[in-house]
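# Examining the three-dimensional arrangement
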Amino acid sequence: MMKRLQNLKFHTWGIAGGVLLAALALGLGIRLASAGRLTVQEAQISPLHPTFALLDTDGANVLESGSPVSTMKTCGKCHDTAFIASHSFHVDLGMSDIQAGNSDAGRWDPLTYRYLLPPAGSRSGAADWLRQNTDRVVGGGPGAVAQLVEMDCFLCHTPNPNNAARVEALAAGEFGMANTATLFGTGIVAVGEDGMLAWNTAAFDADGELLADYVAIQAPANDNCAQCHGLVHTGSDPLVVTSCSLDNPQTAVTGQVISGDKISESGVNLSGKSALARPWDIHAERGLACVDCHYSLNNPIAYQESAATKPEGLVFDPRRLDFGEYLKYPDHNFARGESAQYNVAPELKGTMRRCESCHDAQAIHADWLPYIDTHMSTVACETCHIPQMYAPAIQAYDWTVLTLDDTAASSCRGVEGIGGSVTDLVTGFQPVLMMRKNVDGDTLIAPYNLITTWYWIYDDAQGNTRPVRLVDLEAVYFAGGQYASKIMDAFDYDGDGALSETELRIDTADKQALIAARLAALGLGNPRIVGEIQPYSINHNVAGAGYAISACRACHADGSRLSQSMQLADYVPGGVTPEFVDDTNVTASGTVYQSGAALYYQPDPAADKLYIFGYSRYGWVDWLGGLFFLGTLVGVVGHGTLRYILARRRGKPTVETKPVYMYEAYERFWHWLQTSAIVVLLLTGLIIHRPDLFGGLSFRGLVVIHNVLAALLAINALLSIFWHFISGEIQQYIPHPYGFIDQAIVQAKYYIQGVFRHEPHPFNKTKDRKFNPLQKITYLGLLAVLFPLQGITGILMWGAQQWPQYAKFLGGLPVLAAFHTLVAWLFATFIIGHVYLTTTGGPKALDSIKAMVTGWEDVEVHEAVETPQKKK
Amino acid sequence: MRKIKPFWIVGAVGILLVLVVPIVYFWPRPVEAKTQDPWSFVPAHATHTDHANIVSGEFATGSDVTRACLDCHAEAADQVMHTTHFTWQSEPFTVPGRDGPVTIGKANQINNFCISAQGNQKRCMTCHAGYNWQEDQPYDFSNPENVDCLVCHADTNLYAKGSYGDPAEGVDLLAAARSVRAPNRENCGSCHFNGGGGDNVKHGDLAQGLNFPPSDLDVHMGANDFVCTDCHTTSDHNIKGRLVADNYVVDPKEQVACTDCHAANLHADERINAHVQTVACQTCHVPAVALDEPTKVSWDWSTAGQDLPEDHFTYLRIKGTFVYEKNVVPQYLWYNGSLSYRYLLGDKIDPNGVTVMDMPAGNIEDPTAKIFPFKLHVAMQPYDTVNNYLLAPITAGDGGYWTTFDWNSAFTLAEPITGLDYSGQYGFAETWMYWPSTHMVQPAASALQCNDCHSADGRIDWKALGYPGDPMVWGGRFQRK
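The rules we used
Residues numbered from 1 in each chain as written. Chains lettered and ligands numbered in written order. Predicted model: local features only at pLDDT ≥ 70, side-chain atom pairs only at ≥ 80, totals over all residues. Helix = DSSP H or I, 4+ residues; strand = E, 2+ residues; numbered from the N terminus. Buried ≥ 20, exposed ≤ 12 C-beta atoms within 10 Å, placed from the backbone. Rg over C-alpha atoms; globule rule 2.2 N^0.38 Å. Contact = placed C-beta atoms within 7 Å. Axes fitted to C-alpha atoms, helices over the stretch in contact; angles between N-to-C directions. Parallel < 35°, antiparallel > 145°, perpendicular 65-115°, else oblique. Left-handed = near helix turned anticlockwise from the far one by under 90°. Nonpolar A, V, L, I, M, F, W, Y, C, P; charged D, E, K, R; others polar. pLDDT = per-residue confidence, 0-100. Domains from an automatic or database assignment. Pairing = 2+ DSSP bridges. Arc of directions from axis to C-beta. Core = buried A, V, L, I, M, F, W, Y, C linked by C-beta atoms within 7 Å.

## Brief notes about the overall build of chain B
A tally of regular secondary structure across chain B gives 16 helices and 11 strands. When the backbone C-alpha atoms are referred to their principal axes, chain B occupies close to 110 × 70 × 45 Å. When burial is assessed residue by residue, chain B has 43% of its 481 residues classed as buried.

So this is what it looks like as structure tokens:
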């Protein structure tokens, strides 16, 4: 019984953990040695892809013919390979654009120092071209290359393609072998001892079809893309970066690394690494693959209609290609972003899934970011979410000289050390922010790396300007594999027989003249140095919220992120200031300047018509406003000092006074509320205007105080206007045109002369007639002009969050903010004058202020110049 | 006039209120402060009374000390005697599939390390919170003087245990008794960090490094200098916190949980919070164990007794072949806090298969179960090839295997002690034992992130857990895609 029950028990728990145990029990034998580790998922075998025969170009099974495999024939059994090859910018490489004359005669690429020319139409021309461009070609084109090598499906659709073997085959001119070489190492095919292809018959079934275990066809994984594009890292070994190596072009030109690993756990000798517990790229960490955003444009799962053509109100259009149709005709033009370069397939720019295709930026930032619309319509997501690059990137390529290994003198940003070593200290770099014009017409600030190149050009016999060919440059610099003696004489300052990094640069007129002369001696007309700056857009290595820029001060302060300069080069070859290439979607509105030997680019947000609170200001506004303010201050101090001295000389005035209930409670409340609000508004406004002068205060908090008080001030003003109308007090502010100027002169004279002599005030102050003519005109100006101006400009600046069109109508923030600042200065000026003049109101200096507190004022009893108005 | 003065003060206050109240109302607040302050749940450490001037007397035996303790702490021994630290055995409980109530503990059951304490009291009792438990005589569990107060309360530099749990040779009992205070990490660690017979051998997440832990070894004990009893809170000498291995079913009230102090949904990231109902905190926050010292991941008893080169980490003649590993990535299993099976002496095994000594309970259908990390220890241990049950040899005891290197005598000697017949035929069978990984907790910066599990080379075998595939793309058990 006991046993039976126990067996039953086994049975029960066996079922409970059954699935688990079955899986665990599989690899029992090796488990002890490997310490009971579960085997990780087996290398992915395609769940659905059928087995197939590998066919050669004649359509015969390679097992029979022993020939290399033909992808067009093999894959073409089911997929329309001709369609694919003709719908793939990876195949075309943008060359059809060049041939169609849409681009100049092939772009000059100063990094690789060659023209991106299309291959010649002839077979031999195409072969030369192909041998030179092995690692950039997937086959099937461009142009005549199609006759030499077929599009290599395996390179992107198998998990472990042997790209090295493929490139080697292409470089050796064994074009027909290249695609087959991609399968070396998979167990399907190898080169036999006789040097002939050896197809592994064990990998095929009796019908000559690949066994299912060898059919590892997949959608392109990140590693596939990485083969040509840049550094991608998966797996548990620590990530290392080879600085600025063009083997990883994307990483070299931008510092972008696609990996979900935490930066802190990488093998990069990165300064401050331990604090960077964030992944290199949050999308890689969260399981996104390259093709999730850069999808095939007719992929029925991924395809999304662009917002531009989609009817408004249509969220999703479910009419899609049938899966079978898609698998037969998969468009191999992939959705792409808006890189700065012309690049291939420019007509597809902006087709990819961008940040806003998946993220609702408005909703995400709603609970903390003010001016969401302004931020979103001005600042690309990348600007804040790619705050820093943590891998080095190329800074400059100087082809005006040649190093002994036949390449340019180059420099790398974001790294210190000898270069190219894993022990170099990587510091990373902050991208420079520039204006990008999107295909949809939006203009956004986005992050870039700037690469500056210098090289020699000359005028050829036809009068065309061309870069000096590498062979000519070699002839100028080298003799017998070493630097020519003339070169050594001119460059080798320390005479150690070698050219150091600092010696091998054209930094004197003599050196420049020498090289120019040697180039001219080769028959090159007018050889001279040119320099160009190419921006490279940075869109990957996105950081999540915790590591993105979120402090207002990062941008809204002196030294704003938007104005941060970027070093272009350590020195300026031949003193030639480089220019930005002009065929990009990036506006370089800043300035290129030299500081010491080094060259910098300094962005200028003002030139991009950006007004950034806390950073932007117009000098003249502050000078003018300050002048008003200080002038008034000097005036009242002088006036007051004089009064004080004279008063001491003359003794106390003997004026008869009587107490009068001058100010109603509401008037006083209204006045002091206004006073407090204005003073705090001025102070907070000043801090918002110049946060650099007031460290440690919360920019955000100050803006909140400023906005709240402005609203209170407006409400208070409206209520008091209402009160003034109801009570009729408004009349006191209206100057009577008749005799006004005379009266004003009388009052002015009083301030200039009478007040010093303790003369009585020219106008009687009564409850119904509190203001003298000058006060009337001043207050009217204040209430009718300054208040509304400040209110309207302020509301529009605040309202730019909700209704930017109104702000825009009046010139946008650049105009409104300048005006608002100027009027603020006038308010401050008014306060100085106003407070001072209160001291002239009564016999004692503080009488008027006291009156505004208590309501009771001691007024002089004397004959009035003007008959007092009748009491109501 | 006199009445006016206070009135304008009222006005000034009014103005101030009108200005300040709206500002306070609109002041930017941090987004939903969801987190509770975990520190508010951490017990304050009372200053312990210095016993240096209180304890006096001549102590010849440990029990002499205990008697002295009981003079003042009269009920202490009785409390200890009801805990498993002293009984080495659980209360009897009924388990589905078994005839009667069962008890589990070192006193009567086996593991797949040194196998059995029974008959090996001479060595094993160095970790018993009592004195003088010998294999050949019945132990008096009701004698308060058998309780060892010092092992938990004395300065570990002044006290150590030796054979049968008695004080080690040369211990100055008076000095040890005068040093008593609340237990610190070293007291608990003197046994728990050495489980399996050495530093970090058994658990993987409990190592001597935790005596003076660097901040990256454990966020609580290292970065924040916790002692064990800060989480394993104690009342009447009953210490909270137990997991599987030596228990069958654990009352949740007895368990220490991260949520005792931390809010479960404290993550800023919605996606991570959504994990909490399926993934235990430990799964992400204990990404690996054996961070400083390697832990034993396999033990093959079948090679013992041979004349091979000896090394603590690879082979010992008395024990056989081992594999130690550092930075051990745990196994991930469903776990609801109990076991679905615990091997009890006499249970039949399938010698050709794997015998899991302690199978964590739970599966994908069990909403109370979460994915939990376990260190797996794999052993080849002796079994009776006729009776098909695991054998508990006498090893450390007199005439045991470690002296004679004769398995047959080791099993025969054990017969009267364990009550299990030995047929005379033995072999070695594979057994697995799961050890929950719950210490060596890492803060967010070092915790797992999405791609550690959700990627082609991720560390979780989704199908083994009962998922059709990675729930990131297939949907989770609570949210279907």
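## Quick notes on the overall build of chain A
The helix and strand inventory of chain A stands at 32 helices and 23 strands. For 872 residues, the compact-globule estimate of 2.2 N^0.38 gives 29 Å, and the C-alpha radius of gyration of chain A, at 39 Å, exceeds that figure by more than 25%. The C-alpha extent of chain A, read off along each of the three principal axes, is 130 × 105 × 55 Å. Split into buried and exposed, the 872 residues of chain A put 35% on the buried side. Put simply, of all contacts in chain A between residues at least 6 apart along the chain, 66% involve residues at least 24 apart.

## As for the packing of helix H26 (residues 665-689) of chain A against helix H27 (residues 699-727) of chain A
Residues and elements named next belong to chain A. Running from N to C, H26 and H27 cross one another at 150°; their axes reach a closest spacing of 9 Å. As judged from the angle between their axes, H26 and H27 are roughly antiparallel. Viewed along their axes, H26 and H27 form a crossing whose handedness is left-handed. Along its contact with H26, which presents Tyr666, Trp670, Leu673, Gln674, Ala677, Ile678, Val680, Leu681, Thr684, Gly685, Ile687 and Ile688, the element H27 presents Leu702, Val703, Ile705, His706, Leu709, Ala710, Leu712, Leu713, Asn716, Ser720 and Trp723. Along the lines of polarity and charge, the residues of the contact of H26 with H27 split into 17 nonpolar, six polar and no charged.

## Thoughts on the confidence of the model for chain A
All names here are of chain A. Per-residue confidence for chain A gives a mean pLDDT of 84; residues scoring 70 or more make up 91%. This model gives residues 1-43 a pLDDT under 50, and the stretch forms 51 contacts once residues within four places in sequence are excluded. Here residues 864-872 scores under 50 on pLDDT; set against residues more than four positions off or in separate chains, the count is 10 contacts.

## Points about the domain arrangement of chain A
What the domain assignment reports for chain A is domain 1 (2-31), domain 2 (62-218) and domain 3 (619-860). The gap between the C-alpha centroids of domain 2 of chain A and domain 3 of chain A is 81 Å.

## Looking at the sheet that holds strand S17 (residues 566-569) of chain A
Picture the strands of a sheet paired through backbone hydrogen bonds; they go either parallel or antiparallel. Residues and elements named next belong to chain A. Sheet architecture is open: three strands sit in the order S17-S21-S20, paired in antiparallel fashion. Only two strands of the sheet have a single neighbouring strand rather than two, namely S17 and strand S20 (591-595). Adjacent strand axes in the sheet meet at a mean angle of 35° when their direction is disregarded. Pairing geometry for S17 and strand S21 (residues 598-602), over three bridges, is antiparallel. What sits directly across from Met566, in S21, is Tyr601.

## Observations concerning helix H2 (residues 62-72) of chain B
Considered for burial, the residues of H2 of chain B that qualify are Gly62, Val65, Thr66, Ala68 and Cys69 of chain B. Take H2 of chain B and look down its axis: the buried residues cluster within an arc of 160°, on one side only.

## Some details on unusual backbone geometry
One non-glycine residue, Tyr113 of chain A, lies in positive phi territory at about 55°. Relative to the helices and strands, Tyr113 of chain A is located in the loop between strand S1 (107-109) and strand S2 (114-116). Positive phi, normally seen in glycine, also occurs at Asn388 of chain B, with a value near 55°. As for its placement among the helices and strands, Asn388 of chain B is situated in the loop between strand S9 (370-384) and strand S10 (389-390). A tally of 15 C-beta atoms within 10 Å means that Asn388 of chain B is categorised as partly exposed.

## Looking at the environment of Thr283 of chain B
Residue and element names in this part refer to chain B. Counting through the fold element by element, Thr283 comes out in helix H12 (residues 281-285). Each C-alpha atom of the pair Thr283 and Ile371 lies 7.0 Å from the other, and the pair is 88 residues apart in sequence. Discounting residues that sit within four places of it in the chain, Thr283 has contacts with Tyr332, Ile371, Phe372 and Pro373.

## A short note on the pairing of S21 of chain A
All names here are of chain A. The alternating pattern of S21 places Leu599 and Tyr601 on a buried face, while none of Ala598, Tyr600 and Gln602, on the opposite face, is buried. In this sheet, S21 lies alongside S20 in antiparallel orientation, the contact comprising five bridges. In the sheet register, Gln594 faces S21, and the bridge partner there is Leu599. The antiparallel hairpin formed by S20 and S21 contains two residues in its connecting segment, where Gly596 sits at a positive phi of about 65°.

## A word on the pairing of strand S16 (residues 525-537) of chain A
Residues and elements named next belong to chain A. Of the strand pairs in this sheet, strand S12 (residues 443-459) and S16 are connected by 11 bridges, and their pairing is antiparallel. Bridging across to S16, Tyr448 finds its partner in Ser537. With two bridges connecting them, S16 and strand S18 (residues 579-580) associate as parallel partners. Opposite Ile533, over in S18, you have Phe580 as the bridge partner.

## Some remarks on the nonpolar core
Counting 119 residues, the largest nonpolar core has Ile394, Met434, Tyr448, Leu450, Leu519, Leu568 and Leu709 of chain A as the members making the most contacts within it. Residue contributions to this core peak at 11 residues, all from helix H31 (residues 812-838) of chain A. Not counting residues within four places of it along the chain, the set of residues in contact with Met434 of chain A comprises Ala446, Tyr448, Pro535, Val586, Thr587, Ala588 and Pro603 of chain A. By size, the runner-up hydrophobic cluster in this structure holds 71 residues, among which are Trp334, Leu339, Met357 and Ala410 of chain B.

## Here we look at the packing of H26 of chain A against H31 of chain A
Residue and element names in this part refer to chain A. As a packed pair, H26 and H31 sit with axes 11 Å apart at the nearest point and diverge in direction by 140°. Considering their axes alone, H26 and H31 lie oblique with respect to each other. For the element pair H26 and H31, the recorded crossing hand is left-handed. Residues Ile678, Leu682, Gly685 and His689 of H26 form the contact with H31, whose own contacting residues are Thr821, Ala824, Phe827 and Ala828. A breakdown of the residues in the contact of H26 with H31 according to their chemical character gives five nonpolar, three polar and no charged.

## What to know about the environment of Ala53 of chain A
Residues and elements named next belong to chain A. Positionally, Ala53 belongs in the loop between helix H3 (28-31) and helix H4 (62-65). Here Ala53 falls in the buried class, since 20 other C-beta atoms lie within 10 Å of it. Remark: the alpha-carbon pair of Ala53 and Leu211, spanning 158 residues in sequence, is separated by 9.3 Å. Once you skip the residues sitting within four places of it in the chain, Ala53 turns out to touch Asn61, Gly208 and Glu209.

## Details of the environment of Leu183 of chain A
Residue and element names in this part refer to chain A. Relative to the assigned elements, Leu183 resides in the loop between helix H12 (178-181) and strand S3 (189-191). Assessed through the 24 C-beta atoms surrounding it within 10 Å, Leu183 is described here as buried. Taking the C-alpha atoms as reference, Leu183 lies 8.7 Å from Ala165; in sequence the two are 18 residues apart. Every residue in contact with Leu183, bar those within four places of it in the chain, is listed here: Phe154, Asn162, Ile188 and Val189.

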